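Here are the chains, one letter per residue:
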Amino acid sequence: MDPECSRLLPALCAVLADPRQPVADDTCLEKLLDWFTTVTEAGSSLLLLQENPCLVELLFRVLKSQDLSSRILSFSLRLAGIFAAQEDCFQYLQQGELLPMLFGEVGPLGGAAWTAPAVRSGWIQGLRTLAQHPSALRFLAACGAVDTIFSLQGDPSLFVASAAGQLLVHILDLAMRGPAEGRCSPQACDWPACAQKIVCHIEDSLCSMATPQVTQALNVLTTVFGHCHGLWTQGLWVRLSPLVARLLEKDPVPASHSLVDLLLSVARSSVPSSDRGLWETLAQTLSHLSPTQAGPLALGILKLQDCPQALRTQAFGVLLQPLACVLEAAAQAPGPPGLLHGAAGDPMAVDTLLCSKSACVGLLCCALTHLGLLQPLPQRPSPWPQAPLLGAAVTVLRLCSGSVAPTSDVGGRLCAILVGCGRVQRAALDFLGALSQGAAPLFPLQVLKKAFQATLRWLLSSPKTPGCCDLDPRTQLFLRELLPVLQKRLCSPCWEVRDSGLEFLTQMTRHWGGQAGFRQALLASEVPELTRQLLQDPESYVRASAVTATGQLSSWGLLAAPASPERPGAQQKSLLVELLHVLCADSEGFPRRAVTQVFTEWLRDGHADVAEDPERFVARVLQAASRDPDWEVRAQGLELALVFLGRLLGPRGSHRPCAVALPEAAPLGTLAQALQVLCRVQLFEFAFRALFDCDRPVAQKSCDLLLFLRAKAAPCGSPQEAGDSPTVASVEATLQRWQAGEQGQPLGYLEPGAVMAVLRSIDLEGLRDTLAESSDHVEKSPQSLLQDMLAAVGVLGENEADCY
């Protein structure tokens, strides 16, 4: 331990043990425990206590105090566990009877403090940390801790109850690591006494008539088979599996969720290799559980790598039953033979669907979700019934929209239950998306978003005609019918609908802007003009989406038809002016961010309007972005400047100057000419000021930009530098004032030589490293933590604390 920390420890221990002092906050106590854990892992706990006797004194004083807070008592129990995890230190603490007083019946267990959940939790965590060696097992048996853990499984605090179950598993695993560890499925009579006691308790709980006790036993066993990998687990299952199977004889099956978790945990362990009866138990469980309860088990079985085919078929039938019932109930005429074969006609599934709206909705949503999760897995059944599943999902959507005229009583009741149910619609649309198919009604907002997503996936997965790069005729027909619907959505009074429509349009254009069929259908509609009008929408989110959509349309020449053959770019040029106005004048940050992102893409892709005069374009954008109050706009403006640098000097990783030259009208043959352009657009005014921006991402982006420029300039030779000229001196003086927080004075026009001199004088690498450090990097040492905790109660002087 650091000597300074050792010097501070006695004062801190005195503060913690004093009930009159304000209690340290939980974060500080957790950090303190983390630090002690690190110290003991790196060295001897016994030596630590011998060199710092104040720690043992703290534990004794905590036991004697009647008024200490529950948080400090919990902290002390956990601290004792950290020290006692090493066996020699455990023996040292045992000599003073400290551990029995902390964890036995004479300690907090028998006092008023035990009513606090924090104390019970600290007691469990302390024992969990302590239980690492045989001496700890003997101590747990002698002090009666195991019986207390049994009772804490039913604690009203869920955190305490869960921790108690996990501690039982840890103790059982520790007990079985000894003589039984190397044996093949040791007999129960050979198990240590502590393990026998725990297993007998589990047996009693499984036979209990009280569901909570059954649940506790099943949860403990689930953790055992999920985390313990010794051969003894096979013997444990042989002993307990008859009791687990007996639960299926009860009606209803108790703790069905926990039972499913246990069986799947056992199936994923090493047990199936030694007990083939497990598969029979799984099959019986599928038959005894209700369709809603059996769904998660069926999905888990189908995910297993090695599983009998008959069980897989049974499990898949469980997942298909609800959809098969829907198809059968809504059928106008008998369906084709083999439709979801083996799943239809299950009376239990029909009863569940019709017993109540909540049960029907729950079962259908679970079935659709489970099938959607199964669809992309390599373990999914083969052949996969793609067409029947698609038909079932569409039928569910039609039932929800009321567009089915059922001819049976079951179909009529299903229709009455499902009509207008948005939850089922969303689940069906998600499933359609998983199948890369889709079709849906477009009314509630969340359903509309799902419909857009499903439609996009369907379009992306539509088959391509061999030898043709255009969309196939069916997709073109679909687009012609889709665009009037999209047009209607762009005029919706609900801003979320307009926003979703614009996002969908942007995605479509990004994927198919170059396809002749898409271009023809889009230009024949009013969608481009409506999109442009939404730049004036009263809602800022819609304006931002309209900026992105118009930018994408303009990139493909799809925004509007040219005004005349003589001026083919007139319409798009006015869009540039309009977007610049948004950047300079919009009161909300979202549209301005969207504009800078669009302009960056235009510059990167060589948009026609930008290519006419890139220097003027960049100057106008940087002037607006540098003054923007939104840090994301400033950061995106610097990204645009970086793209411009790449056009002048070559992309990152390239050492060829002018690797991507500007138009021939403005040739740049040398680095000096490139620097002159950068000075004219006032890029350095923006970048140098951004180095000291109060928002770290902006400063980091600026640092990256200037480092990139300096790296590009190095292999090309230096332009004539100004050395110690007044220009360089004034620039450096201004930068120092900016760093001090005086942001008013501008740099003005800079000469290229002065820029390079200043660039070489700034420690950009050091600044980059500083910016990459976390906000508490200055002081987050243990010494600083101890100082802060002492300063909080006035033990240290003001100048000694570092309150990070």
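Residues numbered from 1 in each chain as written. Predicted model: local features only at pLDDT ≥ 70, side-chain atom pairs only at ≥ 80, totals over all residues. Heavy atoms only, no water.

## Considerations on the overall build of the protein
Applicable threshold: Put simply, DSSP marks the helices as runs of H or I at least four residues long and the strands as runs of E at least two long, and each gets a number from the N terminus on. Categorising residues by exposure relies on relative accessible area from a 1.4 Å probe, with only protein chains included: less than 20% of the type maximum marks a residue as buried, more than 50% marks it as exposed, and the intermediate range marks it as partly exposed. Areas reported here follow the Shrake-Rupley algorithm with a probe of radius 1.4 Å; residue values treat only the protein chains shown as occluding.
The secondary structure content of the protein amounts to 41 helices and 0 strands. Expressed as a percentage of the 804 residues in the protein, the buried residues total 51%. Carbon and sulfur atoms form 53% of the exposed surface of the protein, whose accessible area is close to 36200 Å².

## A look at the packing of aromatic side chains
The description of two aromatic rings rests on the distance between their centres and on the angle between their planes. Rules: Within 6.5 Å between ring centres, the rings of Phe, Tyr and Trp (the latter by its six-membered ring) count as paired, and their orientation is classed by plane angle as stacked under 30 degrees, edge-to-face over 60, tilted in between.
Here the structure, examined in full by the defined rule, presents 11 aromatic pairs. Linked through ring pairs, Trp35, Phe36 and Phe83 together constitute an aromatic cluster.

## Some points on the pattern of salt bridges
For clarity, the threshold we go by: Whenever a carboxyl oxygen of Asp or Glu lies within 4 Å of a side-chain nitrogen of Lys or Arg, that contact is scored as a salt bridge.
Applying the stated rule across the entire model yields 20 salt bridges. We note a salt bridge from Asp630 to Arg593, for which the minimum N-O separation is 2.9 Å. Note that Asp630 is positioned in the loop between α33 (614–626) and α34 (631–649) and Arg593 in helix α31 (residues 589–605), a separation of 37 residues in sequence. Because the salt bridges share partners, they merge into one network encompassing Arg593, Asp630 and Glu632.

## Considering empty space enclosed by the protein
Taking a probe equal in size to a water molecule and rolling it over the atoms shows the remaining empty space. For clarity, the threshold we go by: In the cavity and pocket records, a cavity denotes points on a 1 Å grid over the protein atoms alone where a 1.4 Å probe fits but cannot get out, a pocket denotes an open set with protein on both sides within 12 Å along at least 5 of 7 lines, and lining residues are residues with an atom within 4 Å of a point. Grid points are joined across faces, edges and corners, and a volume is the space filled by probe spheres set on the points.
Scanning the entire structure with this criterion turns up 2 cavities of 30 Å³ or more. Looking at the largest cavity, its volume works out to about 50 Å³. Lining the largest cavity, in full, are Pro291, Thr292, Gly295, Val318, Leu319, Pro322, Leu363, Cys366, Ala367 and His370. Sorting the residues of the lining of the largest cavity by element identifies α17 (291–303), α18 (309–330) and α20 (357–374) as the ones contributing at least two each. Among the elements that take part in the lining of the largest cavity, α20 stands out by supplying 4 residues, more than any other.

## Points about the side chain of Arg543
Worth spelling out the cut-off: We define a polar contact as two N or O atoms separated by no more than 3.5 Å, with the added condition that, inside protein, one atom must be a possible hydrogen donor and the other a possible acceptor, whereas residues neighbouring each other in sequence contribute only through side-chain atom pairs.
Structurally, the position occupied by Arg543 is in helix α29 (residues 540–555). Arg543 sits in the buried class, given a relative accessible area of 10%. Engagement of the side chain of Arg543 in a polar contact is seen with the side chain of Asp586, the distance being 2.8 Å.

## Remarks on the nonpolar core
For clarity, the cut-off: The set of buried Ala, Val, Leu, Ile, Met, Phe, Trp, Tyr and Cys residues whose side-chain atoms join them within 4.5 Å is what this entry labels a nonpolar core. Contacts are residue-level and defined by heavy atoms, with any inter-residue pair within 4.5 Å sufficient.
With 166 residues, the main nonpolar core has Leu32, Phe103 and Trp123 as its most contacted residues. At 12 residues, the largest contribution of residues to this core is made by α18. The residues touching Leu32, leaving out its near neighbours within four places in the chain, are Leu12, Leu16, Phe75, Leu785, Leu786 and Met789.

## Let's talk about the environment of Gln536
Here Gln536 lies in the loop between α28 (527–533) and α29. Along the backbone, Gln536 and Asp586 are 50 residues apart, and their C-alpha atoms lie at a distance of 9.9 Å. Setting aside its immediate chain neighbours within four residues, Gln536 contacts Arg543 and Glu578.

## Here's the deal with the side chain of Thr148
As for its position among the elements, Thr148 is in helix α10 (residues 145–152). Discounting chain neighbours no more than four positions away, the residues touching Thr148 are Leu109, Trp114 and Trp123.

## Considerations on the confidence of the model for the protein
We count it as follows: Known as pLDDT, the predictor's confidence for each residue is given on a scale from 0 to 100.
When pLDDT is averaged along the protein, the result is 82; 82% of the residues meet or exceed 70. Taken as a whole, residues 332–339 scores under 50 in pLDDT and shows 5 contacts with residues more than four places along the chain or in a different chain. Ignoring residues within four places in sequence, the model shows residues 561–573, a span with pLDDT below 50, making 15 contacts including any to other chains.

## Overview of helix α21 (residues 386–401)
To be explicit about the condition: A helix is expected to reach a length of 1.5 Å times the quantity of its residues less one.
The end-to-end C-alpha distance of α21 is 23 Å, a good match for the 22 Å that 16 residues give at a rise of 1.5 Å each. Among all positions of α21, only Pro388, Leu389, Ala392, Ala393, Thr395, Val396, Leu397, Leu399 and Cys400 are buried. The elements touched by buried residues of α21 are α18, α20, α22 (409–418) and α23 (422–434). With its phi angle positive at about 75°, Gly402 sits one or two positions after the end of α21.

## Quick look at the packing of α10 against helix α12 (residues 193–206)
Packed helices, taken two at a time, are described by the angle their axes make and the gap between the axes. We apply this condition: Lines fitted to C-alpha atoms define the axes here, with helix axes fitted over just the stretch in contact, and angles between the N-to-C directions of these axes take values from 0 to 180 degrees. By the definition adopted for this analysis, an angle is roughly parallel if under 35 degrees, roughly antiparallel if over 145, roughly perpendicular if from 65 to 115, and oblique otherwise. Take the far helix as the reference: if the near one is turned anticlockwise from it by less than a right angle, the crossing is left-handed, and if turned clockwise, right-handed. Under the grouping applied here, Gly and all other residues not named as nonpolar or charged are polar, the nonpolar ones being Ala, Val, Leu, Ile, Met, Phe, Trp, Tyr, Cys and Pro and the charged ones Asp, Glu, Lys and Arg.
As a packed pair, α10 and α12 sit with axes 11 Å apart at the nearest point and diverge in direction by 25°. Classed by the angle they form, the pair α10 and α12 counts as roughly parallel. Our pair here, α10 against α12, has a crossing hand that is right-handed. Together, Val146, Asp147 and Phe150 of α10 and Cys194, Lys197, Ile198 and His201 of α12 make up the contact between the two elements. Residues that form the contact of α10 with α12 fall into these classes: 4 nonpolar, 1 polar and 2 charged.

## Focus: helix α13 (residues 211–227)
Compared with an ideal rise of 1.5 Å per residue, which puts 17 residues at 24 Å, α13 spans 24 Å between its outermost C-alpha atoms and is within 8% of the ideal. Looking at the buried side of α13, the elements it contacts are α11 (158–175), α12, α14 (232–246) and α15 (256–267).

## Some details on unusual backbone geometry
Here Asp251 and Pro252 are connected by a cis peptide whose omega angle stands at 0°. With respect to the element layout, Pro252 can be found in the loop between α14 and α15. The backbone of Ala255 shows a phi angle near 50°, a positive value even though the residue is not glycine. Within the element layout of this structure, Ala255 appears in the loop between α14 and α15.

## Looking at the environment of Leu63
By secondary structure assignment, the location of Leu63 is in helix α4 (residues 54–64). Each C-alpha atom, one on Leu63 and one on Ala17, is 9.5 Å from the other, the two residues being 46 residues apart in sequence. In this structure, Leu63 is in contact with Leu98, Met101, Leu102 and Pro108, ignoring residues within four places of it in sequence.

## Section: the environment of Gln787
Topologically, Gln787 is positioned in helix α41 (residues 782–791). The class of Gln787 is buried, set by a relative accessible area of 14%. Counting along the chain gives 782 residues from Gln787 to Cys5, while the straight-line C-alpha distance between them is 9.0 Å.

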